[in-house]
Amino acid sequence: MTSNRNYLCTERAHFMCPNMHFGILAQIAGVHDTMRLKESLHALQKTHPFLRSLIAEEEDTRKFYYQLQEHLEIPVTEGTDADTWQHDYDSIAGQGWNVQKESMLKVLVYPGEKTFQILFIAHHLLCDGRGLLQLVEEFAQHYVQKIMPAHADERLIRSIHDLPPKSDLSFISRLVINCANKKWQKEKHHVSYDEYLTFEKNFIAVNPVRRTIQTIEGPEFAQIQAACRQHGFSVNDYMLAGMMSAESIHKVIIAADIRNQISCYRPGAMGNYATAFSVIVRKKSKDMISLAKQIASETAAIRKQPRKEMLVLACYLHMRPELIDAVAIASLGRFESKAGAFVGKKLFGYGSRNGYSITNLGKIQNDSIVEAAFIPPASPANREIWGILTVNDHMKLCKAVFPQTK
């Protein structure tokens, strides 16, 4: 029965777009043991069907879906020095990722004497950042404490009705998307996956990403928390203020978790349950506290308006899937599509490629993890991306930058 299949809907935006991989580098509070590690990964696979799935295509409908495999190993590579994580990350995930043939999770492990570090690299079709953090936590708890993760059925966002009420596009936005859809239909062609994979490898080769990780802890972290509590804004608001000040910009795109706003989400499931929207402060205060308050006010206003908060997801749901496939390659490659190039350059920022973005996975306490860093996906629409994760009061800030756009 195909009705029970999980098809790519909003996930289609991650299917044929370069750099749709990201990671979490975590220090596990236990001695490295190869057999235990494999057992914990197998426990995750038993729990999450997407970890046993590849992306397949229905020949009659050209729809793509998550197809369960009888045998699908999560590849594990053993490194010698965690300081080489970026080189290892790029060599494994940065050379292109064929999701029709390769597991959507890849693992690097760096053995140590009393603890070890592990790097989970996920394709965005597997999950979003919060989903990957959950996977790392489940792995650590099973590895250290033998706690089995709870099974959860995947139920992805399928239509506008899965989003909160009043999330649908405005008349003007719908007109623009419908116009792009009609132009695409008139072009009467599509991007093959093999064609995309060739483009992806070429794009990655000439668009390297430089990544650095900074630790914020101790008195510095305590001061940030105290300022946030005193003035009534979040740590995320403060970090946005930091990016705006450091880069002299007035607009930052932030990712927002919407698990508690949508009925289709099943607690613990893999998949993508996040949106993204722009926070704009045109007349910025030079004072960090005042700027963070401005950002908090703008963010709160957007999150009260589903049409603004869910805009990007609504666009995906109204756009023809094959057009979404063509957006990146038509904007950044050699595929001729005026409809795809229009959407990519005018709507999704692939023309200027000067966006700034932050994804903050929040704060957790976990006895099985010493500390961890979130390595964000480097969307081609952006110039610089910050990934933030706080574990046991150790905040890690990973900056991903396209040097050629700076």
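Values in this document were obtained by computation on a predicted structure and should not be read as measured data.

A. Region of interest: the overall build of the protein. A count of helical and extended segments in the protein gives 13 helices and 13 strands. For 406 residues, the compact-globule estimate of 2.2 N^0.38 gives 22 Å, and the protein sits close to it at 21 Å. By residue count, 55% of the 406 residues in the protein fall in the buried class. Long-range contacts, defined here as pairs at least 24 residues apart, represent 74% of the contacts in the protein between residues at least 6 apart. Charged side chains in the protein number 48 positive and 42 negative. The centres of these two groups are separated by 10 Å.

B. Just the packing of helix α5 (residues 171-187) against helix α11 (residues 311-318), in detail. One way to put it is that α5 packs onto α11 with a least axis distance of 10 Å and a crossing angle of 35 degrees. When the axes of α5 and α11 are compared, the crossing they make is right-handed. Contact with α5, carried on its side by S173, R174, I177 and N181, involves L311, C315 and H318 of α11 and no other residues of that element. Across the contact of α5 with α11, the residue classes break down as three nonpolar, three polar and one charged.

C. How the structure looks around the sheet that holds strand β7 (residues 210-216). One open sheet accounts for six strands, arranged β7-β13-β12-β10-β8-β9; its pairing is mixed. What marks the edges here is a single partner per strand, and that holds for β7 and β9 (274-280). Taking each pair of neighbouring strands and ignoring which way they run, the sheet shows an average axis angle of 20 degrees. Of the pairings in the sheet, the one linking strand β10 (residues 355-364) to strand β12 (residues 382-391) comprises eight bridges and is parallel in character. Bridge pairing in β12 places I358 opposite W386. Relative to β7, helix α7 (residues 218-231) is tilted by about 80 degrees, and along the sheet it contacts β7, β10, β12 and β13 (394-401).

D. Expanded view of the packing of aromatic side chains. Summed over the entire model, instances satisfying the criterion amount to 14 aromatic pairs. What links up through ring pairs into an aromatic cluster is the set F15, F64, Y193, Y196, F199 and F203. One cation-aromatic arrangement involves K63 over Y7; the distance from NZ or CZ to the ring centre is 5.1 Å. The side chain of K106 reaches across the aromatic face of W97, ending 4.2 Å from its centre.

E. Structural detail: the environment of A274. Position of A274 among the secondary structure elements: in strand β9. With a relative accessible area of 28%, A274 lands in the partly exposed category. Separated by 144 residues in the primary sequence, A274 and R130 place their C-alpha atoms 8.8 Å from one another. Not counting residues within four places of it along the chain, the set of residues in contact with A274 comprises D128, A256, D257, I258 and L313.

How each quantity is defined
In every chain, residue numbers begin from 1 and rise along the written sequence. Residues qualify for local features only when their pLDDT is at least 70, as the model is predicted, and side-chain atom pairs are given and counted only at 80 or more; totals for whole chains, interfaces and linings, by contrast, use all residues. Calculated side-chain values reflect all of the structure's heavy atoms, with hydrogen atoms and water omitted. In DSSP terms, a helix is any run of H or I states spanning at least four residues, a strand is any run of E spanning at least two, and both are numbered starting from the N terminus. Between the two quantities, the radius of gyration covers C-alpha atoms and the globule rule is 2.2 Å times the number of residues to the power 0.38. Each residue is assigned to one of three classes by its accessible area relative to the maximum for its type, calculated with a 1.4 Å probe on protein chains only: buried under 20%, partly exposed between the two thresholds, exposed over 50%. By definition, residues are in contact when any of their heavy atoms lie within 4.5 Å. Positive residues here are Lys and Arg, negative ones are Asp and Glu, while His and the chain termini are left out of the count. By convention, the charge on Lys lies at NZ, on Arg at CZ, on Asp at CG and on Glu at CD. An axis is simply a line fitted to the C-alpha atoms; with a helix, the fit covers only the stretch in contact. Between two such axes, the angle follows the N-to-C directions and lies from 0 to 180 degrees. Crossings are assigned a handedness: left-handed for a near helix turned anticlockwise from the far helix by less than a right angle, right-handed for a clockwise turn. Residues are grouped as follows: Ala, Val, Leu, Ile, Met, Phe, Trp, Tyr, Cys and Pro are nonpolar; Asp, Glu, Lys and Arg are charged; all remaining types, including Gly, are polar. Strand pairing is assigned whenever DSSP detects at least two bridges linking the two strands. Two aromatic rings from Phe, Tyr or Trp, using only the six-membered ring of Trp, form a pair when their centres are within 6.5 Å; if the ring planes differ by under 30 degrees the pair is stacked, by over 60 it is edge-to-face, and anything between is tilted. We call a charge positioned over a ring when the NZ of a Lys or the CZ of an Arg lies within 6 Å of the ring centre and within 35 degrees of the ring normal.

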